[in-house]
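# An overview of the molecular structure
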Amino acid sequence: MARKNTGYGLLIDYEYCTGCHACEIACAQEYDWPAGMGGMRVTEMIQQLPNDKAYLAYLPFPTELCILCAGRTAKGMKPACVQTCMSACMKHGRVEDLAKEINKPRMALFVPK
Amino acid sequence: MAKKERQIVATTAWSAGPGCHGGCGVLAHIEDGRLVKVEGDPNHPWNQGRICARCLAMTKYVYHPDRITRPLKRVGERGEGKWQEISWEEAFAYVEEKLVKIRDEYGPESVIFSMGTGRDIGAWICMLAYAYGSPNVMFALSGLACYSPRIAAVTTVQGDYCILDASQWFPARYEDPRYTRPECIVIWGYNIPSTCPDNVFGHWITDLMKQGTKIICIDPRLTFFASRAEKWLQLRPGTDGALAMGFLNVILNEKLYDEKFVSDWTNAPHLVRTDTGKLLRAGDLPGDGNAADFVVWDAVAGKPAVWDTADVTYKAAGVRPALEGEYQVKLACGQTVQCTTVWDTFRRKVAEYPLDKVAEITLVPADDIRAAARLYATSKPAAIHWGEPIDMTPAITPTTQAIADLWAITGNLDVPGGNVISRYAFDAVAYALPGAKGAIKLKSAEMDKKRIGADKYGPLGKFIWRAHTDLVIDQIFTGEPYPVKGMWLQTTNPLSGIGMDPRKWQKALEKLDFVAVVDLFMTPTAQLADIILPAASFLEKESIRSWWIPLQTINKAIDVAECKSDVEINFELARRLDPEFKWNTVHELFDEILANSGMTFAELQEKGWAFPPEGHPSAPYRRFEKGLLRADGKPGFRTPSGKFELHSTLREEWGLEPVAHYEEPPFTPVSRPDLAAEYPLILCTGRRSAAFFISEHRNIPWLRALDPDPVVEIHPRKAQELGIGNGEWVWVENWLGKCKLKAKVTLEVPEWMVMAAHGWWFPEEKTAAPDLCGTFRSNINTLIPMNAVGQDGLGSPIKHMLCKVYKVRGDEA
């Protein structure tokens with residue numbers, strides 16, 4: 001039988017992710033991950049477009065290590081990555097609530113756990 | 001096990017640690033006196049809980065096993081890497097003895113006090129230098145090419161500096177009714193999200209974008225903003241001045257300027273003599289006119305009228321100054337000269353930059369320039385937010401002037417959502433920057449006469465209280481006009497970071513009798529010292545952040561071994577070196593700096609931060625109308641004319657071209673086609689990284705993992721042509737030297753340019769000379785000369801050199 005998700009997720013408005021990597025280090029700090037590991041990974045993507053144009057995007061991706069900061073959220077706090085996000089482009093919440101907030105392009109809803 | 005008690009200390013992040021100019025509100029979580037976590041302070045109006053990767057890595061920074069925690073005295077040869085730990089008392093006595101010896105033998109000016117960028121040091125290093133008697137405080141970058149040139153250039157024409165208005169003047173921020181969001185922001189050469197907040201917190205711009213602000217991005221490189229801009233102008237590095245003139249051309253031709261601001265608040269109506277090209281002065285006219293006063297043509301009376309600079313008004317009543325036209329004016333000497341207005345000469349200068357010519361210089365299509373200029377000029381309000389590349393060209397001042405003219409003539413100066421005049425909050429000045437007169441100053445004007453470069457370069461004599469870096473380094477070798485024998489380097493690592501031609505820096509340091517370094521880690525520069533004093537991070541100190549607004553305190557959260565704060569180190573030495581040193585404690589010093597705020601250090605510390613109230617000269621808006629900018633309380637600006645100066649009086653006095661224009665940088669395919677034949681690629685340097693600040697943080701594993709190697713970005717087509725694959729090591733070389741970098745094959749750069757990372761050294765490698773942590777191996781500054789500064793001594797060709805790139809052979813790897 002398929003695993004059930006927790007009903008919680010991360011909504012990321014990746015139009016505004018600037019690639020500052022704060023979420024990665026916030027996670028590393030929260031769980032004392034060794035360098036290079038963590039619950040969040042920001043990927044730089046440069047897309048080739050027609051007419052020699054290109055588009056630069058960053059995507060904060062919750063990895064296998066992301067536990068959606070269960071301990072923090074149980075205390076009513078935001079996940080470490082969400083609290084620290086320099087561009088304030090990440091949100092934690094119930095998947096069905098977050099889905100309703102997808103109201104513009106370049107948004108992604110992750111359900112890592 | 002009993003749960004540990006946690007204390008949370010609210011403080012302000014400012015170097016050392018994150019490195020940057022700082023200002024973010026931080027919560028330091030402490031258990032048993034030990035830092036366990038750093039978070040952004042959600043209540044702080046500046047960053048609202050947000051905080052950068054470097055600040056979040058503080059737990060790994062403060063307790064890093066490589067931190068220097070006790071003073072170190074050299075015991076072997078200089079650079080040999082043999083050190084002996086000594087006590088602070090021994091260290092202070094040793095430095096005192098060495099400095100007093102140099103002062104007695106050669107004079108205090110023979111010691112240079114050199115600092116890194118943007119630190120909570122500027123004030124304290126001045127305090128020490130001035131107490132010792134030396135006017136030679138130096139920022140170690142060639143041509144001082146980081147921010148102070150821009151501040152000086154803007155101050156030259158408008159009497160004050162200004163920055164993007166992202167509502168940072170109000171605690172309620174965007175919600176404050178006094179604020180208007182800019183419709184458009186021009187981001188001019190600034191990849192601010194992955195850099196330091198040296199203007200403002202970078203992500204305020206994404207806040208504004210979410211509310212609808214459009215972006216014009218001026219950058220040769222594909223950045224976050226370039227991808228999201230309404231208009232992206234991908235210019236050739238170093239041609240910003242031409243582009244700004246192109247913008248002015250569109251705005252003047254299409255009459256998109258604010259005519260009222262131009263005629264009322266700029267010196268556009270002032271007359272210029274066509275025989276000399278200089279401003280006509282009332283002293284030139286018959287009668288006993290004052291040479292400090294300027295002259296306009298009164299269109300009502302049909303004769304010259306005098307603009308009284310002391311009264312900031314016309315001497316006669318009812319003067320209606322002509323903005324345009326040619327006029328015959330009879331002088332006191334009997335001669336009649338042809339005069340025209342500043343506005344006409346400005347227009348003529350701008351007309352020299354039609355868009356087809358600007359397109360040819362900048363490589364930006366004329367239609368794109370036109371569209372961007374229209375968008376900027378028709379957006380009300382609009383703001384310009386600029387970055388480091390503006391300073392990193394020898395023509396920094398005329399470039400800056402052209403850009404300042406843009407915000408002035410479009411009526412965007414000191415208005416909500418425009419470019420707002422930024423002063424020290426409550427006029428509490430610690431930092432000796434352009435125009436600042438604070439608690440810490442030289443004891444006499446006489447002392448300043450020996451300052452290296454002050455007599456040669458106008459801005460250094462008037463606005464920038466620094467010794468001129470390039471001249472200092474040369475003087476170490478020549479000993480003329482007086483010998484330089486010692487250097488005090490405080491949290492600066494010029495060998496790896498801001499020193500151009502780093503081998504020359506090494507030789508210069510080796511030549512000195514005495515080198516002292518204050519730092520947190522053993523850097524390649526520190527390795528060449530005679531003594532190293534261990535400094536504290538921002539979490540280990542008390543200090544003030546008096547840099548625009550708000551006014552903040554830095555509050556001590558932890559102690560780390562025997563490290564001392566910069567202010568404490570400098571204070572103790574200043575006290576020992578100056579029998580007249582007036583403060584007994586660091587708190588007394590802080591209280592004096594804060595005197596204008598009406599708060600003591602302890603009171604401000606209690607609040608954490610404070611905003612100046614409305615009506616205070618350090619709070620916006622439209623202060624030029626309200627008489628809040630000038631000491632005499634009269635409307636206008638703090639310039640020689642009291643106006644925003646399209647024709648700069650000071651630049652005229654310094655023998656420099658007074659009106660904005662473009663100068664081709666010294667080493668480009670245009671200015672040096674001979675060099676370009678062999679070195680065909682434009683070398684842009686100073687690629688910013690979210691992981692690092694300048695030469696710092698290579699030793700913090702969390703951060704290093706984000707950006708592990710010194711990279712050079714190469715366009716895929718160029719890489720293919722050169723047979724270079726992604727991730728391969730390459731040599732970047734020109735006539736000055738070469739360095740080894742790792743190729744990042746990416747569409748971020750155009751085919752004709754490469755972008756190189758700077759600030760590299762390898763803390764994991766052998767520190768002792770000649771290795772010096774491999775700092776020369778991947779040091780892009782090896783390819784950049786010193787002494788290629790602008791006519792006013794400012795700027796340096798750091799963003800637009802020439803190079804070739806080729807693969808590192810297997811046996812060189």
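Residues numbered from 1 in each chain as written. Chains lettered and ligands numbered in written order. Predicted model: local features only at pLDDT ≥ 70, side-chain atom pairs only at ≥ 80, totals over all residues. Heavy atoms only, no water.

A separate point is the overall build of chain A. The secondary structure content of chain A amounts to four helices and five strands. Starting at the N terminus, the α and β elements of chain A follow one another as β-α-β-β-α-α-β-α-β. Relative to the compact-globule value of 13 Å for 113 residues, chain A shows a C-alpha radius of gyration of 15 Å, a close match. With the C-alpha coordinates aligned to their principal axes, the bounding extent of chain A is approximately 50 × 35 × 30 Å. Taking all 113 residues of chain A together, 50% fall into the buried category. Look at the contacts in chain A between residues 6 or more apart in sequence, and 62% of them connect residues 24 or more apart. In the structure as shown, chain A presents an accessible area of about 5,900 Å², 55% of it carried by carbon and sulfur atoms. Each charge class in chain A can be summarised by its mean position, and for the 13 positive and 11 negative side chains these summaries are 6 Å apart. (Helix = DSSP H or I, 4+ residues; strand = E, 2+ residues; numbered from the N terminus. Rg over C-alpha atoms; globule rule 2.2 N^0.38 Å. Buried < 20%, exposed > 50% of the residue type's maximum accessible area, 1.4 Å probe, protein only. Contact = heavy atoms within 4.5 Å. Areas by Shrake-Rupley, 256 points an atom, 1.4 Å probe, with all protein chains shown as cover. Lys, Arg positive; Asp, Glu negative; His and termini not counted. Charge placed at Lys NZ, Arg CZ, Asp CG, Glu CD.)

As a further point, take the side chain of threonine 410 of chain B. Residues and elements named next belong to chain B. Here threonine 410 shows up in the loop between α13 (396–409) and β19 (419–421). Here threonine 410 falls in the buried class, since its relative accessible area comes to 1%. Engagement of the side chain of threonine 410 in a polar contact is seen with the backbone oxygen of tryptophan 407, the distance being 3.4 Å. Only 2.9 Å separates the side chain of threonine 410 from the side chain of asparagine 412, close enough to count as a polar contact. Apart from residues lying up to four places away in sequence, threonine 410 is in contact with Ile251, Leu256, Asp258, Tyr376, Ala377 and Lys380. (Polar contact = N/O pair within 3.5 Å; in protein donor to acceptor, adjacent residues only side chain to side chain.)

Turning to the sheet that holds strand β31 (residues 801–807) of chain B, a few remarks are in order. All names here are of chain B. Pairing is mixed around the closed barrel formed by six strands, whose spatial order is β26-β30-β27-β29-β28-β31. Looking at each pair of strands side by side, their axes are set apart by 45° on average, direction ignored. Here strand β27 (residues 711–714) pairs with strand β29 (residues 737–745) via four bridges, running parallel. If you follow glutamate 713 over to β29, its bridge partner there is lysine 744. (Pairing = 2+ DSSP bridges. Axes fitted to C-alpha atoms, helices over the stretch in contact; angles between N-to-C directions.)

The next point concerns the packing of helix α8 (residues 240–253) of chain B against helix α11 (residues 355–362) of chain B. How two helices pack is summed up by the angle between their axes together with the distance between the axes. Residue and element names in this part refer to chain B. The N-to-C vectors of α8 and α11 enclose an angle of 160°; their axes lie 9 Å apart at closest approach. Comparing the axis directions of α8 and α11 gives the class roughly antiparallel. α11 is crossed by α8, and the crossing has left-handed handedness. Residue-level inspection shows Ala242, Leu243, Gly246 and Val250 of α8 in contact with α11, the latter providing Leu355, Val358, Ile361 and Thr362. Partitioned by chemical class, the residues of the contact of α8 with α11 number six nonpolar, two polar and no charged. (Parallel < 35°, antiparallel > 145°, perpendicular 65-115°, else oblique. Left-handed = near helix turned anticlockwise from the far one by under 90°. Nonpolar A, V, L, I, M, F, W, Y, C, P; charged D, E, K, R; others polar.)

This part covers the packing of aromatic side chains. All names here are of chain B. Summed over the entire model, instances satisfying the criterion amount to 35 aromatic pairs over all chains. Geometrically, the ring pair formed by tryptophan 265 and phenylalanine 624 is edge-to-face, given 5.0 Å between the ring centres and 75° between the ring planes. Of the two residues, tryptophan 265 is situated in helix α9 (residues 259–265) and phenylalanine 624 in helix α21 (residues 623–626); the sequence distance between them amounts to 359 residues. By relative accessible area, which is 18% here, tryptophan 265 ends up buried. The class of phenylalanine 624 is buried, set by a relative accessible area of 2%. Measuring from centroid to centroid gives 5.5 Å for phenylalanine 692 and tryptophan 760, while their planes differ by 85°, and the two rings are edge-to-face. (Phe/Tyr/Trp six-rings, centres within 6.5 Å; stacked < 30°, edge-to-face > 60°.)

It is common to give the size of an interface as the accessible area that goes away when the parts come together. Each side of the interface is counted separately: chain A has 36 residues, and chain B has 36 residues. When chain A packs against chain B, close to 3,000 Å² is buried across both sides, 57% of that on carbon and sulfur atoms. Taken together, the connections running from chain A to chain B amount to five salt bridges. Between glutamate 44 of chain A and lysine 744 of chain B there is a salt bridge, with the nearest N and O atoms lying 2.8 Å from each other. Taken together, the connections running from chain A to chain B amount to 16 residue pairs in polar contact (both at pLDDT 80 or more). Considered class by class, the residues forming the side of chain A that touches chain B number 20 nonpolar, nine polar and seven charged. (Buried area = accessible area lost by both parts, 1.4 Å probe. Salt bridge = Lys/Arg side-chain N within 4 Å of Asp/Glu carboxyl O.)

The subject of this paragraph is unusual backbone geometry. With an omega dihedral of -5°, the bond running from lysine 380 of chain B to proline 381 of chain B counts as a cis peptide bond. Secondary-structure assignment places proline 381 of chain B in the loop between α12 (366–378) and β18 (382–386). The amide bond that connects alanine 769 of chain B to the next residue, proline 770 of chain B, takes the cis arrangement and shows omega of 5°. Along the chain, proline 770 of chain B turns up in the loop between β30 (753–757) and β31. If you check the backbone angles, histidine 21 of chain A has positive phi at about 70° while not being a glycine. Its location among the elements puts histidine 21 of chain A in the loop between β1 (8–13) and α1 (22–31). We classify histidine 21 of chain A as buried; its relative accessible area is 16%. A positive phi angle, near 50°, is found at aspartate 32 of chain A, a position not held by glycine. Position of aspartate 32 of chain A among the secondary structure elements: in the loop between α1 and β2 (40–49).

All names here are of chain B. Here chain B is described as being made up of domain 1 (72–146 + 430–541 + 563–605), domain 2 (149–258 + 348–425), domain 3 (270–344) and domain 4 (673–812). Averaged C-alpha coordinates put domain 2 and domain 3 at centres separated by 33 Å. Across the contact, four residues belong to domain 2 and four residues belong to domain 3. In this structure, the connection of domain 2 to domain 3 is made through one residue pair in polar contact (both at pLDDT 80 or more). (Domains from an automatic or database assignment.)

This part is about the UniProt feature "domain: 4Fe-4S Mo/W bis-MGD-type" (unreviewed entry) in chain B. Listed under "domain: 4Fe-4S Mo/W bis-MGD-type" (unreviewed entry) in the UniProt record, and renumbered for this structure, are residues 10–66 of chain B. Taken end to end, residues 10–66 of chain B has its terminal C-alpha atoms 27 Å apart, with 16% of it in helix and 33% in strand. (UniProt positions renumbered as here; feature names shortened; annotations may be inferred.)

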